[in-house]
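# Coordinate analysis (summary)
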Amino acid sequence: MFGRVDDHQRSEFLEQTKAQREERAQEKMREKSALTIQCVYRGYKARRKLGDAIRLEIDQLMTKPETENGEYRPNFRPGVEVYKLLRGYLFLSPHQPEIQSFEIVCRYLLASMDSDDIKVSYVSVSLLKEFVLPWIQQVKDILWRCVLVLKQLKPESYVDVRLMMVHLRMLVTFSHTSTWRILRGKGEHLTAGMTQLCHNIMGHLNNKGLYPVLKGLLFRGLARSKPAFTKTSLTAILTISLRPVMAAKFSDNLLSLFVLNILAVPAIVHHIATLAPDCLTLLITNRVFKRSLDLLTNEQSTRIIFNSLEGNYALCLLANMIHLGYSELEGLVENTTSFMTVTMRLLDKCKHYVQNKRSNLTHWHPVLGWFSQNTDHGLHEAMPFVVKQLQILWCNKMIRLLFLELIEYVDHARSVELARNTGKEKGIIKKALDKASSRNAVSKVRVDSGICVATCLPCVLYQSAITTLSQLRLDIISGLSYHEILLRYLWRFLSDLGPVCGLKVFLDLLTSAPDSTIHPVFSMLTLFCETAANYICTLDQIEMFEQQKMFTVDDYIRMSEFLNLFVFRTIWGGLISLSSAVTSELFISAQALLMILYERDSRHRFTQPNHWLIKDIKPSSFLAELERGKKTAQYIMQKIPHIIPFSERVKIFRRYVQKERETLGLCESASATPQSTLITVHRSRIVEDGYRQLAQQPARSMKGLIRVRFINEQGLDEAGIDQDGVFKEFLEETINRVFDPSLNLFKVTSEQKLFPSSTSYIQENHLHLFEFVGKMLAKAVYEGIIVEVPFAPFFLTQILGHGTSSTYSSLDELPSLDPDLAKNLSYTKHYDGDISDLDLTFCYDEDIMGRVETHELVPGGKAIPVTNDNKIRYVHLMAHFRMYRQIREQTLAFIRGFKSLVNAEWLNMFSSPELQKLMSGDTADMDISDLRKHTQYYGGYHNNHKVINWLWDVLEKDFNPKDRAAFLKFVTSCSKSPLLGFAHLEPPFSIRCVEVSDDQDTGDTVGSVLKGFFNIRKREPVGRLPTSSTCFNLLKLPNYQKKATLREKLKYAIHSNTGFELS
C-alpha cells in the first residue's frame, strides 16, 4: 500500500490535478462573465427603459409641430417639472446632444420664456432657493450644447439655417434679461441679480470656447462670394459676440478675444454695414473701434494678438479696422495717430509673410502677391469684399483726414500770402528783390517740427501699403494721385523744406547716414514721386501745358531741377550705394519721375537750354572717370545720361563702337587686315540681293567691313572706287527703297514721318524684311553714316524700349501718329455729358484695303460700352492699340534687327529726338567754316582757288538755311550736318573740278590738274550744272568764270536735282 510510486504515475497524477484545477477556474470565470453580461444588459435595459420613459415624457411635454415650418404650440408644465425632466434628458446624452430632439427642447424653452404664466417660464426655477444652483449649471450645459451644435452647422444649408436660428436665439435669450417676462412688473427688483447671472453664464461659455465657435460660424457664412447670413442671423451672432465683452466692461482679455475671433473674420464690418446696419450702429455706440485701437496700441496686447494672427487674418483685421474707423469718424478723428500706427503694424505683420518671388513654398495671394502661407478657397472668395474695405484707406475723405494738419498748414500759408499780395502795390525794385530772396529763402519747415512729423507719418503709412499690398499698388497710387489736392499740397510742403525743394535737407540726412532712408521725410519724398509720376503720365498735352492741372509749368521746371540734382548727387557722392540704389524705393521713384519729366520735355520743350546739364562737374572730368571705368559714372550714364551734353554722349557712343571693333578684331592695323564680306548686287534688285546675302549674316560680319560689287543693267561689273563709297551708295539706295511707302513696309504720318505699316503682311516674309531693315539702319548708325530717315516720334520711343514702361503714356505721343484720333480721344476724355450717348465700345474698326476689320481692345470689347467710369481706360487702350499692338510684330522684328548691331545700353543714352539726330544728323544750320576746314580738293581746285572762294561765299552770304540744307542733301544725300561736325563725315566731303564735256574727266589726270590750275579752257562752261556723287560725298563743280553763274547754277541744281548722279 505504501509501496514506492514510480515517476510516471506521479507525473500523470499531477497533470490530472492541474487540469481539474484549470477547469474549475474556467468555470468560475464563465460564471463571473455571465453575471457581468447579465448586469450590463440589465443596466442597459433599465437605462433604455428609463430613457424611453424620459423621451416619451419629453415628447408628450414638448409637442412637435406637425410640419417643419408649422407653428409650435407645446403643452406647458411648471418650470420645476421641466427642470427635473431636463436633468434626466441631459443625463442620457452627457456629451453630444441629439440634434433633432435637442431642437425641440430649445424651442420649448424659448416658448416658455414668451409665456405670460410665470410658473411656466423656465427661468422661474431660479427663484427657488433649493434649485437655483443646479438650475444655473443646467442652463450652462444647455447653452454650451447649443454652441456645439452651431459648430457643426453650415450656414448655406437650408436645413441648418433653421437649426442655427433656434440655437442662436437660445444664446441671445439666456445671455441677457431684456426678453425675460418674469422680470417685468413686480419682478423688476430682480433684474440686477439676473443680469449678473447672465454675465456668469456668458463667462462660462467664453471659458469653454465660445469665440472660436462663433469665428468658425462667421467664416463659413461670410468667406464666400455671396454671404449666407440674413440680417437676423448676423445680428444674433454679433449680439452674442459682444455680450461677454460688454459684461466684462471691455477688459483687455475679452476685447483681445473679440478682436482676434470676430474682427479678424473676412469683411465682417462690410457685411454688417450691408446686411445689418443696426449692428454697425451698436458697434459705433459702444466705441468698439476706439477701444480696439487702444488695445492694439498697447505693446503687450499687440504682441499677444499678433503672435496669434496669421498673415491672412492680419490683413482681414486691417480691412475691418479701416472700415470700422471710417464708420466711427469721431473715434478716428480723435485717434488718427494711433490709427496710423496700428495700420502700419498690421501691414508689417502681413509683410512678414510676403515673398519677392515664386517658389515651392509660396502661394499666390490676390492682394499680397507671393505669400508664404496657403490661402484657402473661402478667403479667396472673400477677397473682393476685403479689397473694398482696404480701398477706403485711400478714398477722398480718408486722405483728407490723415493729411488734415498738412491741409491746414498749406491753407494758412496761402491765406497769409493772399493777404500780403492784396496789400499795397509793391515797387518794381522791391518786387524783384522779393523774387530773388524767395529763391534763396531759408527753410520754412524743419524736419523735426510737428507739421513735418504730422505730414510724413501718413506718407510712411501709404508707402508701407504700396509696398505690402503689391497687387493693389496701382490702385493705391491712383487713389492718391487723383485726389483733388494731395499732390499739390505735398508739393507745397516739399518746396517749403528749403531752397531747391529742400535738397540740402535730404542730402544732409543721407550724408549723416548713407544708404539709410528710414527717416519719415524720405517716405514723403518717395510717395510724392510715385504719385506725381502716375498722375503726370495720364496727362495729355492740353492738360499739362494749357490747363496746367495740378502743377504749373514753373512747378515742373523746379521739380525737374531738384530731382536732377538729387539723383545725381546721391549716386555721385556715394550717399546711396549702387547695390542699394537697385532696390531703394526712394531712388527708383525719384529717378522714374525725373525721366518722365525729361521725356516730356524732349517731346514738348518747357525748359531752357542746358537745363538738364549738371554744373557740379565738368563733362571732361566725368568722361575721364567713365574712361577709367568708375562704377558710379557708368551707373549715371545708364540712369540719367542727360546730365552731360548730347555731343559728349555721341562721342561716348562712337568710343563704345570703336572699342567693340577693337575687341572683335575689326580694326585695320599694321599687322593685320580685318576680314570683309563681299556681296554682289544687281542695280535692278538692290533690296532683294542685299537681303538675300546679308539677312543671315552674323552680327560680327555685319559690324565689319562690307564690300559691294554692283552689276549694271547690262549685267556687267561696275568699277568700284575707294573710300567705301560703294557701300554707302548701296546703304543709301537700300534705305531709300525699303522706306518708300509704296512698298507698304512703312507708312507716313501727316507730318511725313515714317512708321511700320500694319498691312505689311502683303509682302512675303515681311517680318524678316523688317529685321533686315533694322540691321541696315543700325549699320548706318554703327558706321556713323548719316541717312535722312525721319521716323515718327512714337516709333523712336519704341526702338529705345521706353514704350513698354509702366510710366509711359501712349496718349501723349498719339498726335505724332494720328492727330485726328488724338483729337477725338481728347474730346472723349474731357466729355462733360454722358459718354454712353456716343455709342462707343471697346473696339477699333480698321479699313484694310476696302474690308473693315474690327479689333477688340479687351476680350469681349465689342460688347463693352464706354461709360463715364471707364472712358479714361478706353482712351488709353485705344492709343496703346494704335501705337503698339497694331504694329507690334513689325516693331519687334525691326528692333530685333537694329539691336543685333547696336547695343541697347548704348541707345539708352539718348532720348527719342536725340536718336533721330544720331541717325539723321543735326538739325542746326550748317557750319560753313567747319565744312570748309574738312574739305578735300581734286582736279586742280585748292582752298584758295577763286571758284572755291566764290562757293563758300555764296553758301555763307547768299544762301539761306533752307538753301544750305538743300546743298548738303545734294552732295551727301542728307540735309543735316554730322553730329560731331564735318570732321566725322564719312567719306570726307570733297570737291572736284569738272572741265571736259560729258563729264568724262575724272579730275585726277595731270592734264586736268594743269588745266584747272592755270585756268586753261576752251570756253566757259555756262551750260554745265554742278553734279554730285552722294556715295562719296563728292561735289563735281565746273570751273565757272563768274560768281553769279556759280550761284545761279548751284541754286538751280540743288533745288531741282538736275545733274544729280550716283556713281
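Scoring rules and cut-offs
- Residues numbered from 1 in each chain as written.
- Predicted model: local features only at pLDDT ≥ 70, side-chain atom pairs only at ≥ 80, totals over all residues.
- Heavy atoms only, no water.
- Helix = DSSP H or I, 4+ residues; strand = E, 2+ residues; numbered from the N terminus.
- Buried < 20%, exposed > 50% of the residue type's maximum accessible area, 1.4 Å probe, protein only.
- Contact = heavy atoms within 4.5 Å.
- Areas by Shrake-Rupley, 256 points an atom, 1.4 Å probe, with all protein chains shown as cover.
- Core = buried A, V, L, I, M, F, W, Y, C linked by side-chain atoms within 4.5 Å.
- Salt bridge = Lys/Arg side-chain N within 4 Å of Asp/Glu carboxyl O.
- Polar contact = N/O pair within 3.5 Å; in protein donor to acceptor, adjacent residues only side chain to side chain.
- Axes fitted to C-alpha atoms, helices over the stretch in contact; angles between N-to-C directions.
- Parallel < 35°, antiparallel > 145°, perpendicular 65-115°, else oblique.
- Left-handed = near helix turned anticlockwise from the far one by under 90°.
- Nonpolar A, V, L, I, M, F, W, Y, C, P; charged D, E, K, R; others polar.
- Patch = residues over 30% accessible without salt bridge, like charges linked within 9 Å, V, L, I, M, F, W, Y side chains within 5 Å.
- Lys, Arg positive; Asp, Glu negative; His and termini not counted.
- Charge placed at Lys NZ, Arg CZ, Asp CG, Glu CD.
- Phe/Tyr/Trp six-rings, centres within 6.5 Å; stacked < 30°, edge-to-face > 60°.
- Lys NZ or Arg CZ within 6 Å of the ring centre and 35° of its normal.
- pLDDT = per-residue confidence, 0-100.
- Pairing = 2+ DSSP bridges.
- Expected span 1.5 Å × (residues − 1).
- 1 Å grid on protein atoms, 1.4 Å probe; cavity = no way out; pocket = protein on both sides within 12 Å on 5 of 7 lines; lining within 4 Å.
- Points joined across faces, edges and corners; volume = space filled by probe spheres on them.

## A few points about the overall build of the chain
- Regarding its fold elements, the chain presents 48 helices and 13 strands.
- By the burial criterion, 51% of the 1063 residues in the chain qualify as buried.
- In the chain, the proportion of contacts linking residues at least 24 apart, taken out of those at least 6 apart, comes to 75%.
- Of the roughly 51100 Å² of accessible surface on the chain, a fraction of 53% belongs to carbon and sulfur atoms.

## Focus: the nonpolar core
- If you look at the biggest cluster of nonpolar residues, it comprises 298 residues, and the most contacted ones within it are Leu-390, Leu-469, Phe-566 and Phe-791.
- When residues of this core are assigned to their parent elements, the largest contribution, 12 residues, is made by helix H25 (residues 520-538).
- If we ignore the near neighbours within four places in the chain, the residues touching Leu-390 are Leu-315, Leu-318, Ala-319, Ile-322, Val-367, Leu-469 and Leu-472.
- In terms of nonpolar packing, the next biggest core, distinct from the first, is built from 30 residues, Leu-985, Phe-989, Leu-1050 and Ala-1053 among them.

## Things to note about the pattern of salt bridges
- Summed over the entire model, instances satisfying the criterion amount to 48 salt bridges.
- Here Asp-278 makes a salt bridge to Lys-231, at a shortest N to O gap of 3.8 Å. With Asp-278 in helix H11 (residues 277-285) and Lys-231 in helix H8 (residues 231-247), the pair connects residues that are 47 residues apart, well separated along the chain.
- Exposure remark for Asp-278: the relative accessible area of 54% places this residue in the exposed category.
- In this structure, Arg-655 engages Glu-627 in a salt bridge whose closest nitrogen and oxygen atoms are separated by 3.6 Å. In this pair, Arg-655 sits in helix H32 (residues 646-664) while Glu-627 sits in helix H30 (residues 619-627), placing the two residues 28 residues apart along the sequence.

## Side note on the side chain of Asn-335
- Residue position: Asn-335 is located in the loop between helix H15 (329-334) and helix H16 (336-351).
- Polar side-chain contacts of Asn-335 include one of 2.8 Å to the backbone oxygen of Gly-331.
- With sequence-adjacent residues up to four places away left out, Asn-335 is seen in contact with Lys-290, Leu-293 and Asp-294.

## Topic: the packing of H30 against helix H31 (residues 631-639)
- The geometry of H30 relative to H31 is characterised by a closest axis approach of 7 Å and an angle of 110° between their N-to-C directions. Between H30 and H31, the crossing angle belongs to the class labelled roughly perpendicular. Viewed along their axes, H30 and H31 form a crossing whose handedness is left-handed. Facing H30, whose interface residues are Phe-622, Glu-625 and Leu-626, H31 presents Ala-633, Gln-634, Ile-636 and Met-637.
- When grouped by side-chain class, the residues that make up the contact of H30 with H31 number five nonpolar, one polar and one charged.

## Considering a positive patch on the surface
- The grouping of Lys-18, Arg-21, Arg-24 and Lys-28 at the surface amounts to a positive patch.
- By secondary structure assignment, the location of Arg-21 is in helix H1 (residues 7-61).

## Structural notes on the packing of aromatic side chains
- Evaluation of the coordinates by the stated rule reveals 42 aromatic pairs.
- With a centroid separation of 6.1 Å and an interplanar angle of 55°, the aromatic rings of Phe-289 and Phe-339 are classed as tilted. You can see Phe-289 sitting in helix H12 (residues 288-297) and its partner Phe-339 sitting in helix H16, a full 50 residues away along the chain.
- Connected via pairs of aromatic rings, a cluster forms that spans Phe-739, Phe-746, Phe-770, Phe-791, Phe-795, Phe-894 and Phe-898.
- Over the ring of Tyr-313 we find Lys-215; its NZ or CZ atom is 4.6 Å from the centre of that ring.
- The aromatic ring of Trp-572 is capped on one face by Lys-630, whose charged end is 4.1 Å from the ring centroid.

## Observations concerning the confidence of the model for the chain
- Here the chain averages 85 in pLDDT, and 90% of its residues register 70 or above.
- Here residues 435-441 is a poorly scored stretch, pLDDT under 50, and it has four contacts once near neighbours within four places are set aside; other chains count.
- With pLDDT under 50 throughout, residues 1012-1018 is counted as low confidence; its partners more than four residues away or in other chains account for 15 contacts.

## Side note on the pairing of strand E12 (residues 1034-1038)
- In terms of burial, E12 is a largely internal element, five of the five residues being buried.
- On E12, burial covers both faces: Leu-1034, Lys-1036 and Pro-1038 on one face and Leu-1035 and Leu-1037 on the other are all buried.
- As paired strands, strand E10 (residues 990-994) and E12 are joined by five bridges and run parallel to one another. Among the inter-strand pairings, Ser-990 is bridged to a residue of E12, identified as Leu-1034.
- With three bridges connecting them, strand E11 (residues 1027-1029) and E12 associate as antiparallel partners. Across the sheet, residue Thr-1027 finds its bridge partner in E12, namely Lys-1036.

## With respect to the side chain of Ser-589
- Structurally, Ser-589 is set in helix H29 (residues 585-603).
- Residue Ser-589 is classed as buried on the basis of its relative accessible area of 4%.
- Polar side-chain contacts of Ser-589 include one of 2.8 Å to the backbone oxygen of Glu-585.
- Ignoring anything within four residues of it in the chain, the contact list for Ser-589 reads Thr-526, Cys-529 and Glu-530.

## Notes on the pairing of E10
- Most of E10 sits inside the fold, with five of its five residues counted as buried.
- Every second residue of E10 is oriented toward a common face, with Ser-990, Arg-992 and Val-994 on one face and Ile-991 and Cys-993 on the other, all of them buried.

## Regarding helix H36 (residues 766-783)
- When the terminal C-alpha atoms of H36 are compared, their 26 Å separation across 18 residues agrees well with the 26 Å that a helix rising 1.5 Å per residue should span.
- Along H36, 14 of the 18 residues are buried, which leaves the element largely enclosed by surrounding structure.
- Positive backbone phi, at 80°, marks Gly-784, one or two positions downstream of H36.

## Quick look at empty space enclosed by the protein
- Enumeration over the complete set of coordinates arrives at four cavities of 30 Å³ or more.
- Roughly 80 Å³ of volume is contained in the largest cavity.
- In this structure, the largest cavity is lined by 14 residues; those nearest its centre are Ile-786, Thr-972, Cys-974, Pro-978 and Leu-985.
- Looking at the lining of the largest cavity, its residues break down into seven nonpolar, four polar and three charged.

## Notes on the environment of Leu-754
- Relative to the helices and strands, Leu-754 is located in strand E6 (residues 754-756).
- Exposure remark for Leu-754: the relative accessible area of 7% places this residue in the buried category.
- In this structure, the C-alpha to C-alpha distance between Leu-754 and Phe-795, residues 41 residues apart in sequence, is 8.3 Å.
- Setting aside residues up to four positions removed in sequence, Leu-754 forms contacts with Phe-739, Phe-746, Lys-747, Val-748, Val-789, Pro-790, Phe-791, Ala-792 and Phe-795.

## Description of unusual backbone geometry
- If you check the backbone angles, Val-500 has positive phi at about 50° while not being a glycine.
- Structurally, the position occupied by Val-500 is in helix H24 (residues 499-512).
- Of the residues examined, Val-500 reaches a relative accessible area of 31% and is grouped as partly exposed.
- A positive phi angle is found at Asn-1033, which is not glycine, with a value near 55°.
- The exposure class of Asn-1033 is buried, given its relative accessible area of 0%.

## Considerations on the packing of H32 against H36
- Direction vectors running N to C along H32 and H36 enclose 100°, while the axes themselves pass 9 Å from each other. Accordingly, the angle class assigned to the pair H32 and H36 is roughly perpendicular. For the pair H32 and H36, the contacting residues are Phe-653, Arg-654, Val-657, Glu-660 and Arg-661 in the first and Val-781, Tyr-782 and Glu-783 in the second.
- Classifying every residue of the contact of H32 with H36 gives four nonpolar, no polar and four charged.

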